[in-house]
Amino acid sequence: MDRAIGRVVETLQRANMWENSIIVFANDNGGKSGLSNNWPFQRAKSSILEGGIRVPSFIHSNLLPKSRLGERTDNLMDMTDWLPTMLSMAGCDSQPPTGKVLDGVDQSEMLTSEVENVPEVGPRDEILHHLDYLKTYPHRNLQDPREVCHFLSSATNLFSSF
Amino acid sequence: MKKELSRKGFRIVFHAAIRWKNWKLITGFHVFRDFKLEANHLEEHSHLEEEDPSIELGKLVALFEMTEDYQEFNDVSEANPEITMQLLGKV
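So, here's what we can say about the structure. Here the structure is a predicted model, which means the values were calculated and not measured. (Residues numbered from 1 in each chain as written. Chains lettered and ligands numbered in written order. Predicted model: local features only at pLDDT ≥ 70, side-chain atom pairs only at ≥ 80, totals over all residues.)

Another aspect to go through is the nonpolar core. Side chains that are nonpolar tend, in soluble globular proteins, to be buried together. Residues and elements named next belong to chain B. In terms of nonpolar packing, the biggest core is built from 21 residues, with A17, I18, L25, V61, L63 and L87 touching the most fellow members. Listing elements by their share of this core, those giving two or more residues are β1 (15–20), β2 (23–27), β3 (61–65) and α4 (81–90). Apart from residues no more than four positions distant in its own chain, L25 is found in contact with A17, I18, V61, L63, T84, L87 and L88. (Core = buried A, V, L, I, M, F, W, Y, C linked by C-beta atoms within 7 Å. Buried ≥ 20, exposed ≤ 12 C-beta atoms within 10 Å, placed from the backbone. Helix = DSSP H or I, 4+ residues; strand = E, 2+ residues; numbered from the N terminus. Contact = placed C-beta atoms within 7 Å.)

Attention now goes to α4(B). All names here are of chain B. Within α4, burial applies to T84, L87 and L88. Projection of α4 onto a plane perpendicular to its axis shows the buried side chains occupying an angular sector of 105°, all on one side. Facing away from the buried side of α4 by more than 90 degrees, the exposed set consists of E82 and G89. (Arc of directions from axis to C-beta.)

What follows deals with the sheet that holds strand β3 (residues 126–132) of chain A. Spatially, β3(A)-β1(B)-β2(B)-β3(B) is the arrangement adopted by the four strands of the open sheet, whose pairing is antiparallel. Looking along the sheet, the strands with just one partner apiece sit at the ends: β3 of chain A together with β3 of chain B. With direction set aside, neighbouring strand axes in the sheet form an average angle of 10°. Of the pairings in the sheet, the one linking β3(A) to β1(B) comprises six bridges and is antiparallel in character. Note that in β1(B) the partner of A:H130 across the bridge is B:A17. (Pairing = 2+ DSSP bridges. Axes fitted to C-alpha atoms, helices over the stretch in contact; angles between N-to-C directions.)

Once that is clear, we can look at helix α3 (residues 82–89) of chain A. All names here are of chain A. All of the buried residues along α3 are P84, T85 and M89. For α3, the buried positions fall inside an angular range of 130° around the axis, keeping them on one side. Those residues of α3 that are buried are in contact with α4 (108–112). After α3 finishes, the residue G91 shows a positive phi value of roughly 85°.

A few words now on the environment of A:W18. Residues and elements named next belong to chain A. Tracing the sequence through the fold places W18 in the loop between α1 (2–14) and β1 (23–25). For the pair W18 and V8, spaced ten residues apart in sequence, the C-alpha to C-alpha distance is 9.8 Å. Leaving out residues up to four positions away in the same chain, W18 has contacts with L12 and Q13.

Time to look at the environment of A:D74. Relative to the helices and strands, A:D74 resides in the loop between β2 (58–60) and α3. For A:D74 and A:E109, which are 35 residues apart along the polypeptide, the C-alpha to C-alpha distance reads 15 Å.

Don't take any of this as a statement about function, it's just geometry.
See the structure below:
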């Protein structure tokens with residue numbers, strides 16, 4: 001992995017694109033059970049305890065303020081935030097032109113502000129980690145898919161009629 | 001609390017997890033599984049599958065305060081019914 005990332009970096013440098021690039025290293029889930037150590041958190045990939053969902057990420061760019069070098073933030077960020085964040089950092093509109101709204105939150109301001117201006121609470125205060133209407137009490141899946149359609153189509157309160 | 005939960009309309013038998021500020025709420029069978037309950041304990045509850053699962057309400061919801069208890073050892077849902085209800089409302 002180190003070698004592969006090194007090759008990406010070297011290629012960007014050779015192409016004179018490095019100064020204008022943003023490198024993000026992100027994770028989609030915690031390490032797999034038996035193969036990794038997610039200490040200090042409990043559990044592993046596929047769990048909704050922190051060992052399965054809380055992961056480190058880092059961002060590197062010469063475009064970021066020098067005061068942020070080596071700094072860390074514990075603000076909430078979800079994987080879906082990277083799209084609007086990167087769009088915004090690239091100077092684009094962070095939302096798609098279709099009028100549809102992305103789930104992700106634009107975190108570019110939080111990531112690019114000088115270290116003394118980083119807010120204690122970031123733009124995101126909530127993450128829906130998981131919501132699965134097909135899995136219910138011990139290993140029982142809903143048998144009739146129409147039930148799911150029914151409450152998916154209920155616009156006012158997804159679960160009130162169920 | 002049992003009545004209040006059902007009035008809200010969210011069925012806590014569904015698997016769900018939400019983080020809001022320093023709070024994290026988990027519902028559904030995950031709560032059992034992730035608390036590493038012994039196999040016999042699960043067996044003890046397996047008959048509920050056929051019955052109304054809501055009779056075990058308390059055990060299908062867990063709430064954690066993530067700043068202090070980031071290892072998720074202490075379910076504080078009973079001690080913080082307002083936060084619990086608020087997060088159930090969100091999911």
